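Single-letter residue listing:
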Amino acid sequence: MPCPTLAELTMELLPPGVLPGLHMALVDDDGRILDLHTVAPEAPDQASPPGKIPHLAELRRLIAAEGSRPAPVFCSRGCCMAIPLAVHGPKLSRAPLSSCRKICLTTGKGFMAVSPMRKDWPPSTAVLAQAVLASLGRELSNRIWMEEMRDRDRFSESIVSSMSSGFIVLLPDLTVTHANPPAAKILHTTEKKLVGHKLTEFIFSDLKVRRVFQTGKPLIDEEQFIKLADGTVHILKTCVPMFDDRGKIIAALDHFRQIKDAHQLVSRLSGTKAGFTFDDIIFRSEAMSTAVELARMAASGNLSVLLHGESGTGKEMFAHAIHQASSRNAAPFVVIDCASMPRDLVESELFGYAEGTFTGAVRGGRPGKFELANGGTVFLDELGELPLELQSRLLRVLHNREVVRLGGAEPLPVDIRVIAATNRDLHEEVRRGNFRADLFYRLNVLTIQIPSLRSRPEDIGLLARHFFEKYKVRFMKPNLEISPEALSVLQNRPWPGNARELDNTIARAVHLCRDRIEPEHVRQNHAPHKAGTAEPDASPRAEAALATPVSLQEIQRKAIEDAIAACDGNVSHAARRLGVARSTIYKQLRRTSRGTPQPA
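The rules behind each value
- Residues numbered from 1 in each chain as written.
- Predicted model: local features only at pLDDT ≥ 70, side-chain atom pairs only at ≥ 80, totals over all residues.
- Heavy atoms only, no water.
- Axes fitted to C-alpha atoms, helices over the stretch in contact; angles between N-to-C directions.
- Helix = DSSP H or I, 4+ residues; strand = E, 2+ residues; numbered from the N terminus.
- Parallel < 35°, antiparallel > 145°, perpendicular 65-115°, else oblique.
- Left-handed = near helix turned anticlockwise from the far one by under 90°.
- Contact = heavy atoms within 4.5 Å.
- Nonpolar A, V, L, I, M, F, W, Y, C, P; charged D, E, K, R; others polar.
- 1 Å grid on protein atoms, 1.4 Å probe; cavity = no way out; pocket = protein on both sides within 12 Å on 5 of 7 lines; lining within 4 Å.
- Points joined across faces, edges and corners; volume = space filled by probe spheres on them.
- pLDDT = per-residue confidence, 0-100.
- Buried < 20%, exposed > 50% of the residue type's maximum accessible area, 1.4 Å probe, protein only.
- Pairing = 2+ DSSP bridges.

For the rest of this paragraph, the subject is the packing of helix H16 (residues 460-474) against helix H17 (residues 484-492). Relative to each other, H16 and H17 sit at 125°, their axes nearing to 9 Å. Comparing their axes, H17 and H16 come out oblique. In this structure, the crossing between H16 and H17 has a hand that is right-handed. Packed against H16, whose contacting residues are Ile460, Gly461, Ala464 and Arg465, the element H17 presents Leu487, Leu490 and Gln491 at the interface. Among the residues forming the contact of H16 with H17, the class breakdown is four nonpolar, two polar and one charged.

A volume near 660 Å³ is recorded for the second largest pocket. Every residue lining the second largest pocket is counted, 25 residues in all, and those nearest its centre are Phe276, Gly312, Thr313, Gly314 and Met317. Secondary structure elements with two or more residues in the lining of the second largest pocket: helix H10 (315-324), H16 and helix H18 (498-512). Element by element, the count of residues in the lining of the second largest pocket is highest for H10, at five residues. Grouping the constituent residues of the lining of the second largest pocket by class yields nine nonpolar, seven polar and nine charged.

In this section: the confidence of the model for the chain. In this model, the chain carries an average pLDDT of 78, and 76% of its residues clear a pLDDT of 70 or more. In this model residues 43-50 is a low-confidence stretch, pLDDT under 50, and it forms nine contacts with partners more than four residues away in sequence or in other chains. For the stretch residues 87-107, pLDDT sits under 50, and the model shows 52 contacts to residues farther than four places along the chain or on other chains.

Attention now moves to the pairing of strand E16 (residues 417-422). With respect to burial, E16 is a largely interior element, six of its six residues being buried. In this structure, strand E11 (residues 305-308) lies alongside E16, joined through four bridges in parallel fashion. Across the sheet, residue Leu306 finds its bridge partner in E16, namely Ala420.

What follows concerns the packing of H16 against H18. Interhelical geometry of H16 versus H18 gives an angle of 45° and a closest axis separation of 9 Å. The angle between the axes of H16 and H18 places the two elements in the oblique class. In the packing of H16 onto H18, the handedness of the crossing is right-handed. Contacts between H16 and H18 pair Ile460, Leu463, Ala464, Phe467, Phe468, Lys470, Tyr471 and Lys472 from the former with Ala499, Leu502, Asp503, Ile506, Ala507 and Val510 from the latter. Considered class by class, the residues forming the contact of H16 with H18 number 11 nonpolar, no polar and three charged.

Shown next, in the form of structure tokens:
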């Protein structure tokens, strides 16, 4: 509603014929006339010059001397009168106001003045003018104040409606006074049904907000399971009390979001997302083309995928690409390395734990990997290494799409797509009793066999060039070249470590060479080989080294170091390659005083 003028208010509130022939003005603190209206006189010849209020400076001084008292003042001649503005409600800021008239009215800094158009001023007319003037001032102030409050309400509603999480305002009796669309959506209702009703009509579990009204202390980021008429919702809640001037709780601001949305936000910020696409897979061979085409088809659906291939063939890159090409690409991509997690912690890492489950447990509990991946993709790397006792729990998660935290009782619904990878023959593992058959059949919905590098020799040169250009840029060697002879050596090597080994070989050569990579720079093979034999292209120095007698301890140390290097520093993978425990590797390296590698 626009700010009313004196003319509009006079026509609305003042009956015709009352106080004819008056000049009425709204004046600010500085004596400026902000609004002026003349009530038509009884006779035109009685009019005085329009737009003038005599003795305005005198009235202003008298009003200032009166202070905040609402009493009217008269000029020394008794012909002009003024009364301070009466402002009801809180004092409002000048910032959002658009005119001096609104500032004057809403802040109460100013006065209403009146002077007769006739020289005489009957006492009865003065009393009536005083009453009318005070009434007009109050009405103007009230209307402007109501307009400002409506503007503020619209501003607040816009802020609340634009929030992505749920927001409601609760009275002490749990009546909802305000709610935004996300709050209604989370509570499976509508804003119209929610506002004006008690929260207990929608939530049928214990309400932690009662504790806020009882203690006056806020709840900050607390997890809660709320039971609705059609199911259970897992939320993260923050509830803050509101107090009046006397310290009494008058309301509570309840802010909440579904826990899966909070986990997705954390996952995006912490980098749990896929980093490769199908464009990053370099190939020209028919075997690799078949695997990529099958992976593209898998990305368009929601079936579980099992990636099978030797170590270093790029199984994780395929998993990244499938996720990126799927409808879940904006959701988390969580990698679970089944081989590297300690056996005594793998259960809590996968499924999370409830508060108080064990000594040192985080207050409020902790979500597991499956909860963090809710809405997205879980990549189970080295699936064959998962302990047998946990395979049944994984099967239950995949079957029921629910997770129960360690030490908890409440099942948490999860919406995940599973991609698993292994270099083991799971058929054989099932036959030996090392892998559950029902879990294997649950995951073996769509199997993609990723070919080894030696089975697609036409890709070796292409990959070598790709890695060479990548590391030229990374190591800032733009003028470095690679000889055709070096490329020929790379082409003819067996590459037991597949593309990963080729990548590491090129990286080492680019890092060590200054001008040109020659065959001798790419002949070294980090993979362990049989004692007493040398590579076909080994140097005479290498052959002499093999003929030199060495101690058994030195042979063991060399085998361990070569295995660790071939596995990119991953001690767990090196231990499996050598067929020993990881602790044996650390113990052997300590004995030879050659330093202990960092755990992978």
